[in-house]
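Geometric and topological summary
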Amino acid sequence: MIITTTEEWQAIGTRRTLCGHGIFTIDAPAIGPEVHEPLLILHGFPTSSFDYAGVLDGLRQGRRVLLLDNLGYGLSDKPDLRYTMALQADIATAFVAELGLDRLALMSHDMGDTVGGELLARRAEGTWRVELTRRVVTNGSIYIEQAQLTNGQQFLLALPDEKLGPDAPMTAETLSQSLRDTFSPHTIIPSADVPVDPMPATVEQLMHHDGHRVLPRLIRYIEERRANERRFTGAIESDPAPLHIVWGQDDPIAVASMVDTLVAARPDATAVRLDGVGHYPMVEAPTRFLAAVQPALS
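Values in this document were obtained by computation on a predicted structure and should not be read as measured data. (Residues numbered from 1 in each chain as written. Predicted model: local features only at pLDDT ≥ 70, side-chain atom pairs only at ≥ 80, totals over all residues. Heavy atoms only, no water.)

Notes on the overall build of the chain
Stated precisely, the cut-off is as follows: Each helix corresponds to a stretch of at least 4 residues labelled H or I by DSSP, and each strand to a stretch of at least 2 residues labelled E; elements are numbered beginning at the N terminus. Throughout, the radius of gyration refers to the C-alpha atoms, and the reference size of a globule is 2.2 Å times the residue count to the power 0.38. Think of it in three bands: with a 1.4 Å probe and only protein chains considered, a residue is buried below 20% of the maximum accessible area for its type, exposed above 50%, and partly exposed in between. Any pair of residues with heavy atoms lying within 4.5 Å of one another is described as a contacting pair. Residue-level accessible areas treat just the shown protein chains as cover; the underlying method is Shrake-Rupley with a 1.4 Å probe. Neither His nor the chain ends contribute to the count of charged residues, in which Lys and Arg are positive and Asp and Glu negative. In this description, the location of a charge corresponds to atom NZ of lysine, CZ of arginine, CG of aspartate or CD of glutamate.
In terms of helices and strands, the chain carries 13 helices and eight strands. On C-alpha atoms alone, the chain measures out to a radius of gyration of 17 Å, which is about the 19 Å that the 2.2 N^0.38 rule sets for 298 residues. With 298 residues in all, the chain has 59% of them scored as buried. Sequence-distant contacts in the chain: of pairs separated by 6 or more residues, those separated by 24 or more amount to 83%. Carbon together with sulfur atoms contributes 53% to the accessible area of the chain, which is approximately 11500 Å² in total. In the chain, 25 positive and 39 negative side-chain charges are present, and the distance between their average locations comes to 5 Å.

Below, the structure is given as structure tokens:
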């Protein structure tokens, strides 16, 4: 069953207290015999784990799938504080520890690539003692100098690192359009592959608990990524777990050249480039996304 509403998504999840914050999590059991290690998924900015609603059942074939809404995102708490990759990584590791897991696969997207990079850096340092069997990296500005930031991202970065007031000039319509602008011009929703538009529920969760008001605080991950790229991206390049890359080629932000740079740094990596797909391959083309990731996860 494909989940299309916030209520349905919330119903399959559990709210946990991790690192002192209320975090929305999903621990989805395998469909059929569990023959593979669990898969931990890290989502991006400014959306949530709901990005994977359309592909969750496909990913669950033979494996348990773990998702969480990062602090400040989706259905998790959205406190007025300084957000860092270290804090998001602390929460992810607390989630894995609470489930008692020490062996898993990792999939990440957008900002989740950077949270994943922090986890991998800790693994190299010996402070996160988890065996990673394989990794899938999807569209994210891991090489920040190549990134083509949107007008919306630049607008948020120009604001002070402060929570916006209650009269913040952001509506569901403007947020929805800014997200659609990152899709490929070839993406058509609704379609046979995506029969129900996920954008209303996506934006509803973004705005949950006034989440749009903390966007100027959440966007600072770009500054942190720029300052610490060698830590985050260096770990993505060097972690010994096999690396598979799935990339929407029409991404206007995390442009296609990033795949070439990553493959040059990690020649044993495998890559699938999805033509006619933008920044959100799991949303825009779920069937093609699953076909691209499944061989690497099997």
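Picking up where we left off.
A closer look at the packing of aromatic side chains
Worth spelling out the cut-off: Within 6.5 Å between ring centres, the rings of Phe, Tyr and Trp (the latter by its six-membered ring) count as paired, and their orientation is classed by plane angle as stacked under 30 degrees, edge-to-face over 60, tilted in between.
Applying the stated criterion to the full structure yields four aromatic pairs. Taking the centre distance of 5.3 Å and the plane angle of 40° together, the rings of phenylalanine 45 and tyrosine 221 count as tilted. Of this pair, phenylalanine 45 sits in the loop between strand E3 (39-42) and helix H2 (56-59) while tyrosine 221 sits in helix H9 (residues 221-227), placing them 176 residues apart in sequence. Like phenylalanine 45, the residue tyrosine 221 is buried in the burial classification. Seen in terms of ring centroids, phenylalanine 183 and tyrosine 280 are 6.1 Å apart; in terms of plane orientation they differ by 70°. Their pairing is edge-to-face. One end of the pair, phenylalanine 183, is in the loop between helix H6 (172-180) and helix H7 (199-207); the other, tyrosine 280, is in the loop between strand E8 (270-274) and helix H12 (281-284), with 97 residues separating them in the sequence.

Section: the nonpolar core
Across soluble globular proteins, you tend to see nonpolar side chains buried next to one another. Applied cut-off: Throughout, nonpolar core names a set of buried Ala, Val, Leu, Ile, Met, Phe, Trp, Tyr and Cys residues whose side chains join them through atoms within 4.5 Å.
Ranked by internal contacts, the top residues of the largest apolar core, which has 97 residues, are Leu40, Phe45, Tyr52, Leu59 and Met107. With seven residues, the single largest contributor to this core is helix H3 (residues 85-98). The contact partners of methionine 107, leaving out residues within four places of it in the chain, are Leu39, Leu40, Ile41, Leu42, Tyr52, Leu59, Val136, Phe289, Val293 and Leu297.

Brief notes about the confidence of the model for the chain
Note the following rule: The score called pLDDT rates the predictor's confidence residue by residue, from a low of 0 to a high of 100.
With 100% of its residues at a pLDDT of at least 70, the chain reaches an overall mean of 97. When pLDDT is averaged over each helix and strand of the chain, the minimum, 95, is found for helix H5 (residues 151-158) and the maximum, 99, for strand E4 (residues 65-68).

As for the packing of H6 against H7
Here is the rule we go by: To obtain each axis, a line is fitted to C-alpha atoms, and for helices this fit is confined to the stretch in contact; angles are then taken between N-to-C directions over 0 to 180 degrees. Left-handed describes a crossing whose near helix is turned anticlockwise from the far helix by less than a right angle; the clockwise case is right-handed. Any residue outside Ala, Val, Leu, Ile, Met, Phe, Trp, Tyr, Cys, Pro, Asp, Glu, Lys and Arg is labelled polar, Gly included; the first ten of those are nonpolar and the last four are charged.
At their nearest, the axes of H6 and H7 sit 10 Å apart, and the two run at 115° to each other. As H6 runs across H7, the sense of the crossing is right-handed. Contacts between H6 and H7 involve Ala172, Leu175, Ser176, Leu179 and Arg180 from the first element and Met199, Thr202, Val203, Leu206 and Met207 from the second. A breakdown of the residues in the contact of H6 with H7 according to their chemical character gives seven nonpolar, two polar and one charged.

Observations regarding unusual backbone geometry
Cis geometry marks the peptide bond from phenylalanine 45 to proline 46, where omega comes out at 0°. Within the secondary structure, proline 46 sits in the loop between E3 and H2. The omega torsion of the bond from isoleucine 189 to proline 190 falls at 0°, within 30 degrees of zero and hence cis. Assignment of secondary structure puts proline 190 in the loop between H6 and H7. Of note, cysteine 19 is a non-glycine position whose phi angle comes to about 55°, a positive value. Topologically, cysteine 19 is positioned in the loop between strand E1 (14-18) and strand E2 (21-28). Notably, histidine 209 is not glycine yet its phi reads approximately 55°, a positive angle.

Some remarks on the environment of aspartate 161
Quick note on the threshold: Here a polar contact is recorded for every N or O atom pair within 3.5 Å, except that within protein the pair must consist of a potential hydrogen donor and a potential acceptor, and residues adjacent in sequence are included only if both atoms are side-chain atoms.
By the secondary structure assignment, aspartate 161 is in the loop between H5 and H6. If sequence neighbours within four positions are ignored, aspartate 161 has contacts with Arg82, Pro216, Arg217 and Arg220. Among the polar contacts made by the side chain of aspartate 161, one reaches the side chain of arginine 217 at a distance of 2.8 Å.

As for the sheet that holds E8
Here is the rule we go by: At least two bridges found by DSSP between two strands is the condition for calling them paired.
The eight strands are arranged E1-E2-E4-E3-E5-E6-E7-E8 in an open sheet whose pairing can be described as mixed. Edge strands, defined here as strands with exactly one partner in the open sheet, are E1 and E8. Going from strand to strand, the sheet's axes swing by 25° on average, the running direction of each strand aside. Strands in contact with H3 are E1, E2, E3, E4 and strand E5 (103-108); relative to E1, the strand with the most contacts, it is inclined by about 115°.

A few points about the side chain of threonine 138
By secondary structure assignment, the location of threonine 138 is in strand E6 (residues 131-138). Of the polar contacts made by the side chain of threonine 138, one reaches the backbone oxygen of serine 108; its length is 2.7 Å. Excluding its chain neighbours within four sequence positions, the residues that come into contact with threonine 138 are Tyr52, Ser108, His109, Asp110, Asp113, Val246, Trp247, Met282 and Phe289.

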